[in-house]
Amino acid sequence: MKHKIAPSLLSGDFLHLQRDIEMINNSEADWLHLDVMDGVFVPNISFGFPVLDAVKTVCKKPMDVHLMIVEPQKFVHEVAEAGAYMMNVHYEACLHLHRTVASIKEAGMKAGVTLNPHTPICLLEDIIQDVDMVLVMSVNPGFGGQYFIEHSLDKIRRLKEMILRKGLNTWIEVDGGINPETGKLALEAGADILVAGAFVFESPDPTRTIQELKEL
Ligand code: DX5
Ligand code: ZN
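Quick caveat, the model's predicted, so the values are computed rather than measured. (Residues numbered from 1 in each chain as written. Chains lettered and ligands numbered in written order. Predicted model: local features only at pLDDT ≥ 70, side-chain atom pairs only at ≥ 80, totals over all residues. Heavy atoms only, no water.)

Visitor: So what's going on with the pairing of strand 5 (residues 110-115)? Which residues, and what values?
Guide: Burial within strand 5 is extensive, with 5 of its 6 residues counted as buried. Sheet analysis places strand 4 (residues 84-90) next to strand 5, joined by 5 bridges and oriented parallel. Within the sheet, the bridge partner assigned to N88 lies in strand 5 and is G112. Handedness of the crossover is the feature at issue here: the chain leaves strand 4, passes through helix 4 (residues 97-106), returns alongside strand 5, and the resulting connection is right-handed. (Buried < 20%, exposed > 50% of the residue type's maximum accessible area, 1.4 Å probe, protein only. Helix = DSSP H or I, 4+ residues; strand = E, 2+ residues; numbered from the N terminus. Pairing = 2+ DSSP bridges. Right-handed = clockwise from strand over helix to strand, strands pointing away.)

Visitor: Tell me about the coordination of the zinc ion (ligand 2), residues and numbers included.
Guide: Looking at the zinc ion (ligand 2), the protein donor atoms are H33 (NE2), D35 (OD), H66 (ND1) and D175 (OD), and they sit 2.0 to 2.3 Å from it. Note that the zinc ion (ligand 2) binds 6 donor atoms; their angles at the metal cover 71 to 170°, and the shape is octahedral. Site description for the zinc ion (ligand 2): donor spacing in sequence, H-x1-D-x30-H-x108-D. Placement of the pair is D35 in strand 2 (residues 32-37) and H66 in strand 3 (residues 63-68), with a sequence separation of 31 residues. Judged by relative accessible area, which is 3%, D35 ranks as buried. Classification of H66 as buried rests on a relative accessible area of 0%. (Donors = N, O, S within 2.8 Å, 3.2 Å for Na, K, Ca; no water. Tetrahedral: all angles 85-135°; square planar, octahedral: opposite > 155°, others 65-115°.)

Visitor: Could you give an account of the pairing of strand 1 (residues 4-7), naming the residues involved and the relevant values?
Guide: Within a regular beta strand, the side chains point alternately toward one face of the sheet and then the other, so they alternate between its two faces. Residues of strand 1 alternate between two faces, with K4 and A6 on one and I5 and P7 on the opposite face, all of them buried. Relative to strand 8 (residues 193-196), strand 1 runs parallel, the two sharing 4 bridges. Considered in strand 8, the bridge of P7 is made with A196.

Visitor: Explain the side chain of K155 residue by residue, including any values.
Guide: In this fold, K155 is placed in helix 5 (residues 152-165). Only 3.1 Å separates the side chain of K155 from the backbone oxygen of P117, close enough to count as a polar contact. Setting aside chain neighbours within four positions, we find K155 in contact with L115, N116, P117, H118, T119 and I121. (Polar contact = N/O pair within 3.5 Å; in protein donor to acceptor, adjacent residues only side chain to side chain. Contact = heavy atoms within 4.5 Å.)

Visitor: Describe helix 1 (residues 17-25), with residues and values.
Guide: Residues of helix 1 that are buried include every one of L17, D20, I21, M23, I24 and N25, and no others. Buried residues in helix 1 make contact with strand 1, strand 2, helix 2 (49-56), helix 7 (198-201) and helix 8 (206-214).

Visitor: Give me the site of ligand 1: which residues, what numbers.
Guide: As a structural note, the neighbourhood of ligand 1 is formed by 20 residues, with G142, G145, D175, G177 and G197 the closest of them. Separating an oxygen atom of ligand 1 from a side-chain N or O atom of D35 is a distance of 2.8 Å. G142 is positioned with one of its backbone polar atoms (N or O) 2.7 Å from an oxygen atom of ligand 1. Contributions of two or more residues to the shell around ligand 1 are made by strand 2, strand 3 and strand 8. Ranked by residue count, the leading element in the shell around ligand 1 is strand 2, at 3 residues. Considered class by class, the residues forming the shell around ligand 1 number 9 nonpolar, 9 polar and 2 charged. (Near = heavy atom within 4 Å. Nonpolar A, V, L, I, M, F, W, Y, C, P; charged D, E, K, R; others polar.)

Visitor: Hey, could you go over the pattern of salt bridges for me, with residue numbers and the actual values?
Guide: Taken as a whole and judged by the stated rule, the model has 7 salt bridges. K166 serves as the salt-bridge partner of E125, at 3.0 Å between the closest nitrogen and oxygen. Of this pair, E125 sits in the loop between strand 5 and strand 6 (133-137) while K166 sits in the loop between helix 5 and strand 7 (171-175), placing them 41 residues apart in sequence. Here R158 and D154 are joined by a salt bridge, their closest N and O atoms 3.3 Å apart. Linking R158 with D154, this pair stays in helix 5, spanning 4 residues, or about one helical turn. We classify R158 as partly exposed; its relative accessible area is 33%. We classify D154 as partly exposed; its relative accessible area is 31%. Linked through salt bridges whose partners overlap, the residues forming this network are D13, R19 and D20. (Salt bridge = Lys/Arg side-chain N within 4 Å of Asp/Glu carboxyl O.)

Below you can see the structure in the form of structure tokens.
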């Protein structure tokens, strides 16, 4: 499969979200990545369900929702209603991850499990068969525009090995500090989807930048 690009709206212009979403609609982006933060799981607050509901009315790309919140299992219904294609929950935020993954799928969404930089791949050994995607955080979650943590490449490689060893086709998404250089390394390590926020939205021509990432 050709890799996918999921621009993160976190680095968009919040006064002109419709304009930015239409730019993504008309670009080579595959998904739109949406970062929900609660100020508890991560030291920042971004936007919540009313914003997702509004995004849904304009967005023509599948919505890849990344929940950086405690107790994400409480909001499966809201995320589904907001039109999410993929619901990503953090491993660290889920006491009953198996149940949460099942309820995400029952609600008609794909289920993604996200790992913080310190969370080892081996913890997925008994859940990976049930998840559609693993989101490897290559920065500490909470803010856009941070530097890619080099060790993430080793994690991606070991995750890919686990997926192949089990005969699965689970997607690997990488989020944080992606630019053409780190993106290329992540793809070589086994990533399938690249999230990019600051690199896309702070570039002079975001549409062209998305194309550049798609061509890696
Ligand atoms: C960080 C978010 C990311 C963020 C990535 O907590 O999960 O999705 O938008 O931003 P960049 O690409 O700027 O590192
Ligand atoms: Zn994210």
